[in-house]
Structure formats: C-alpha cells, structure tokens
2 protein chains.
Amino acid sequence: MDIGFIGLGIMGRPMALNLAKAGHTLFVPERASLPEDIRAAATVLPDAAAVAAKAEVVILMLPDTPDVEAVLFGAGGIAASLKPGTLVIDMSSISPTVTKGFAETLVAAGCGWVDAPVSGGEVGAKAASLTIMCGGSDADFARALPLFELMGKNITHVGPAGAGQTCKVANQIIVALNIEAVAEALVFATKAGADPARVRQALMGGFASSKILEIHGERMIKRTFAPGFRIRLHQKDLNLALSAGRDLGVALPNTASAQQLFSAVAAMGGADLDHSALVKALETMAAQKVAAD
Amino acid sequence: MDIGFIGLGIMGRPMALNLAKAGHTLFVPERASLPEDIRAAATVLPDAAAVAAKAEVVILMLPDTPDVEAVLFGAGGIAASLKPGTLVIDMSSISPTVTKGFAETLVAAGCGWVDAPVSGGEVGAKAASLTIMCGGSDADFARALPLFELMGKNITHVGPAGAGQTCKVANQIIVALNIEAVAEALVFATKAGADPARVRQALMGGFASSKILEIHGERMIKRTFAPGFRIRLHQKDLNLALSAGRDLGVALPNTASAQQLFSAVAAMGGADLDHSALVKALETMAAQKVAAD
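Residues numbered from 1 in each chain as written. Chains lettered and ligands numbered in written order. Predicted model: local features only at pLDDT ≥ 70, side-chain atom pairs only at ≥ 80, totals over all residues. Heavy atoms only, no water.

Per an unreviewed UniProt entry, chain A goes by the name 2-hydroxy-3-oxopropionate reductase and belongs to Humitalea rosea.

Now the structure itself:
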C-alpha cells in the first residue's frame, strides 16, 4: 500500500520502519533532520502536499494539536492535496474535541479518518507492541487495522471519530492521578515513620494495587527518576484533559491538582524527569522550613 | 490461649468466632447487643476491666480512635486491669499518630502492643482471609502471629508500633484516589461522547490498570452502588489521613479533594452507598444548569 508518513521523530520513525519492513511503500516529506534509515526505506518527496497527493493512506505522528492543524489545514497543508478516498490516520496525541472538527472536515471532503493515539513509548514503537486507541467509522477502522497490527498489539476501536483521543486522555488522567495517589500515600507513610518499601509490599495484591504502585511506586522508593515518560509530556496531556474538560463542562479537580504538582517539579528543574518524580513536589512541601520574610 | 475480645460488631464477631473455633478461650464483656453465637462461644464477664484481668491477650475491634481511647484509658478502662505481660492487639482502624501514644503508655506499663488494622470487610472476616497490616516489636508480632493466621491471609509486619495504622491509612488514601481517578476519566470520556465501558476495556492491562479500574470502574458503568464499602466509612478513614497529615506536616491535596467529593455525595443522601458512588459528585457538577438567583 502507498503510505504517506508525516512526523518521523522518536515515535514515528520506528513505526514507519515497521510498515516498510512489511512491504508497504513509504512516502515522506523532505526535512534536513530525516534519519538515514528513513531515507533508505522511503521515497522522499519535496513537501507534505506532494506526499498527500501520492498516498492511499496518510499517517500523522506529530507533537501536539497545533502541529496537526498546521499539517492538515495550514499554508501548504495536505487537506487541499488529498484525493477523495484517502484515509487519514492521526496517531498523534492531541485534543479530542478539536479532533472531531478535523474528522468532520475531512470526511465531508470524501476522505476517511481514524484517530489512533498510542501508548507504550519508544520501546513499544520499536517492538511493534504499542497500545492503539481508535476513533472512527467501522469501515475506516477496518481499513486501518492491518496497518495497526504492524505497529501495535492491544488495538481497540473505542468509538466514532475523537473516541481514540478521548480514550488516550482518560488513560493519561488515570496514570497521573494514580501516580499522585501513590505519592501521597508513600510520603505520608515515610513522614509517619514507616518504611515505604514495606508499605508498598503490604499493599500490593489488595484493593490499592495498580500498575503504577508496582512500577512508579518502586521508582519513588529507589529514587530512579530517569525517564520513562517525561513530566513535560504528561503536562501536555493533562493540558489536553483540562482544556477539553472546559469545552465539555466537566470538572476535573484532581487532574488540575496533579497538573499543579507537575508544574512545581518543572519549576524546580525537573520537567525532563520521569513522571513518578511528581512525588518531589509533595516531599518538598513536607520538608521545608518557612522563613518569616 | 485466654483471649479477651472487645468490639463484637460486624467485623469483630466473625473474627472472634474464628478464634473460638480454633480452640481458644474467649472472654467478652456483657452488652445487651451480644449476638447469641458469641454468648455460646465465649465466657461473658461483667465489663471490659474484668475481661482484661482474665486475658493473656486482649483484642480490640472498635469503630474509631475515641472508642479505643475510652476502652483503654477512660472510666472503667482496661489499662488499669491489665496484668504485666498481657498483649494488647488493636485491630480497629484508628489514628496512627495517636496509636503511638497508646503503645508507649502500655509498653511502659509492661504490656505488649500490636496495632493490626485489617482490610477485606465482613466477607474477609468470615472467611478468615483478611489482609492484616501490623505495627509493633518483633517479639510482640511473633506472639500475635498465630492468632492473625486464624483470622487472615496476607499478614505483613510493616514496622514498629503505629506502622500498621500508617499502612492502613496509606491503603485508604490510594483506594480513594484511584476511585477518584477512574471517576474523572469515565465522566470525561462519557461527556466527550465515548462509551465508558469500551474505554475501561481499552485501558485494562496498560499503565492505567488497577484493581479499582477493574472493580469500581465496572460498578460506575453498571450503576451498582450497593455497598461494598460505604462512603461513610471511607470518610472516617480519610479524616484519619488528613488529621494525621496535619500532625505530621504532610500536604495531601488530592486526599482533601476526594474527601470533599465524598462529602458532596453524602450531602445528596449517599453516605451509605458504595465508595465508587464518588463518581456521582463529578456527574452532578457536569450535569447541572446553574440558576441566576
């Protein structure tokens, strides 16, 4: 299949290579930063519009909502060059409410649409074991599925356009708040004089058990805050949650609070630490002497 | 062994019966409300002081910190009647900071002390499958362990006196905040137009997975809010967390926020619903029209 791939960064590059390895024809837009293995595996065209004109399927893997908007509808954007029937698959993690608008515009122009954000990080992208959360019509999802199976393992069709992004935001809310929960519990236990490692051990297997208690709880105890998933990126995702929450009229009090704690750690210079370092905000509050001035 | 058991309510009664079944001799204080099976299995003495004077081990299973304080040190309290060498095991869920004071006083008087709050509810108490989180010296824990093995399955010696209660508070913090996390995510997803059941399914097995997403997430989706564990009781436990947090100088922002949401559901008449009904507070905020007056 002729696939256009736009956004060949840490995630996009191994995902595109997995598609090429399976025999698909890749088209990518020229950029000085294109990695050598992508140049070897793909046909490089002058710009995104040229890629869109060639492709049956265009996959986007971009940093944030404005980047996707610019590639689709900005100056030189691909929307003008897409042939009717082209399937656009946005695998970026962006705003679910804005995504619905993108999908409506493209579907009205005769294109297909699937939003398909992923989790699993660079490791999952390389191993083709990403979790992929999908929104779109049944027909568009069915068309995209064979490609998803070359990039991921847990592939769920959550609902109509936007539902993939909604699911990803829900995921990032739970992950952040479970990290915050474990952080409050372990800081409390430590300040009360208990050994946090024994507390974590006692709680595993009961109602408090979670993937986050298992993995991020251990990082907090062993003080291993190399990423992993950076606070900077989780701040972006919670911003998506909070701004979509405002659009939708949903109060997200603990998401807002977790975002403040991430900001506090970022202000201390920790934006590129693993998100489990959220615990440092609570520790700092519990440890400081207040000066009178 | 001669065991005094004080507090024969929903939890204490089956726990005491499991000890009697194993051949231990039970002494309990007279109360009009004593169940018939306890009268049949135990020797009923006039009051708690008489029970304390007879027992090698006294187990307490009482509702809250002031109840334990009254039984230990109030008018007619047992502290005055305990023989040196008697082991006091407090299986109530009460304040970890206050517990340390109780333990110091009793240990100074020549008694042993283990705080050993449980989780697992009435079902776990009947099945002798409670999780038991223990604080006390190695010697006191070793003395209590054979009794714990008649009442529970996951028995952890977390640390010195108070550490059992600290661990229980940590557990209740994580459980409440994981419920709140799942509630924010599912209300968000629902308002964004996604099917919360499919979102939950997509998130199970990934980083967002937890016992709470599995069990309480399903209760929120299926609208089954019969307890389970009542909001009223979780409010008590978060009050322990917040008041001990204040004593210790630990900020617990999301615990405080979850407590407010429990209060909101209680104000709507939901104090005796399962704690997963916390979701109703967020739903109500997302659903109401604001009047101008």
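Still more to cover.
Participant: Help me understand the packing of helix α9 (residues 196-203) of chain A against helix α8 (residues 163-191) of chain B in this model?
Facilitator: Between two packed helices, the angle of one axis relative to the other and the distance separating the axes together describe the packing. Between α9(A) and α8(B), the least distance of the axes is 10 Å, while the angle of their chain directions is 60°. The orientation of α9(A) with respect to α8(B), classified from their angle, is oblique. Read as a crossing pair, α9(A) and α8(B) show a hand that is right-handed. For the pair α9(A) and α8(B), the contacting residues are Val199(A), Ala202(A) and Leu203(A) in the first and Cys167(B), Ala170(B), Asn171(B) and Ile174(B) in the second. Counted by class, the contact of α9(A) with α8(B) contains six nonpolar, one polar and no charged residues. (Axes fitted to C-alpha atoms, helices over the stretch in contact; angles between N-to-C directions. Helix = DSSP H or I, 4+ residues; strand = E, 2+ residues; numbered from the N terminus. Parallel < 35°, antiparallel > 145°, perpendicular 65-115°, else oblique. Left-handed = near helix turned anticlockwise from the far one by under 90°. Contact = heavy atoms within 4.5 Å. Nonpolar A, V, L, I, M, F, W, Y, C, P; charged D, E, K, R; others polar.)

Participant: In this structure, what is going on with the interface of chain A and chain B? I would like to understand it.
Facilitator: It is common to report an interface's size as the accessible area lost on association of the parts. Every contact between the two is made by 59 residues of chain A and, on the other side, 59 residues of chain B. Summing the contributions of chain A and of chain B, the shared interface buries around 4,900 Å²; its carbon and sulfur component is 69%. Summed over the shared surface of chain A and chain B, the result is zero salt bridges. Between the two partners, chain A and chain B, sit 12 residue pairs in polar contact (both at pLDDT 80 or more). Put simply, the parts of the chain that give the side of chain A that touches chain B at least two residues each are α5 (96-108), β9 (152-159), α8 (163-191), α9, α10 (211-222), α11 (231-248), α12 (253-267) and α13 (279-287) of chain A. Classifying every residue of the side of chain A that touches chain B by side-chain character gives 38 nonpolar, 15 polar and six charged. (Buried area = accessible area lost by both parts, 1.4 Å probe. Salt bridge = Lys/Arg side-chain N within 4 Å of Asp/Glu carboxyl O. Polar contact = N/O pair within 3.5 Å; in protein donor to acceptor, adjacent residues only side chain to side chain.)

Participant: Explanation requested: the nonpolar core in the structure shown.
Facilitator: Most often, soluble globular proteins have nonpolar side chains that are buried together. Residues Leu203(A) and Leu203(B) are the most contacted members of the largest nonpolar core, which totals 94 residues. Once residues lying within four places of it in the same chain are set aside, the contact partners of Leu203(A) are Ala208(A), Ser209(A), Leu213(A), Met133(B), Cys167(B), Ala170(B), Asn171(B) and Ile174(B). (Core = buried A, V, L, I, M, F, W, Y, C linked by side-chain atoms within 4.5 Å. Buried < 20%, exposed > 50% of the residue type's maximum accessible area, 1.4 Å probe, protein only.)

Participant: Help me understand the relation of the copies chain A and chain B in this model?
Facilitator: Both copies of the chain are related through a single rotation about an axis accompanied by a shift along the same axis. Superposing chain A onto chain B takes a rotation of 180° plus a shift of 0.0 Å along the axis, which leaves an RMSD of 0.0 Å. Both copies of the chain, as the preceding transformation shows, are related through a two-fold rotation axis. No C-alpha of chain A lies nearer the rotation axis than that of Ser210(A), which sits 1.9 Å from it. Both copies share a contact surface, since 100% of the interface residues of chain A are interface residues in chain B too. (Least-squares fit on C-alpha atoms with pLDDT ≥ 70 in both.)

Participant: Sorry, what's going on with helix α7 (residues 138-151) of chain A here?
Facilitator: Side chains three or four residues apart in an α-helix point the same way, a direct result of the helix having 3.6 residues per turn. All names here are of chain A. Spanning 14 residues, α7 covers 19 Å between terminal C-alpha atoms, matching the ideal 20 Å at 1.5 Å per step. At Leu145, α7 is bent by approximately 45°, the largest bend along its length, and proline Pro146 sits one to four residues beyond. Buried residues of α7: Asp140, Phe141, Ala144, Leu147, Phe148 and Met151, and no others. (Expected span 1.5 Å × (residues − 1). Bend = angle between axes of the 7 residues up to and from the residue.)

Participant: Please explain the side chain of Asn18(B) as it appears in this structure.
Facilitator: Residue placement: Asn18(B) occurs in helix α1 (residues 12-21). Not counting chain neighbours up to four residues away, the residues in contact with Asn18(B) comprise Ala125(B), Lys126(B), Ala128(B) and Leu150(B).

Participant: How should the state of the cysteines be read in this particular structure?
Facilitator: Covalent bonding between the sulfur atoms of two cysteines is what defines a disulfide. Residues and elements named next belong to chain B. A complete count under the given rule lists zero disulfides over all chains for this structure. Lacking any disulfide linkage, Cys167 is separated from the closest cysteine sulfur, that of Cys134, by 9.3 Å. Residue Cys167 is classed as buried on the basis of its relative accessible area of 0%. (Disulfide = S-S within 2.5 Å.)

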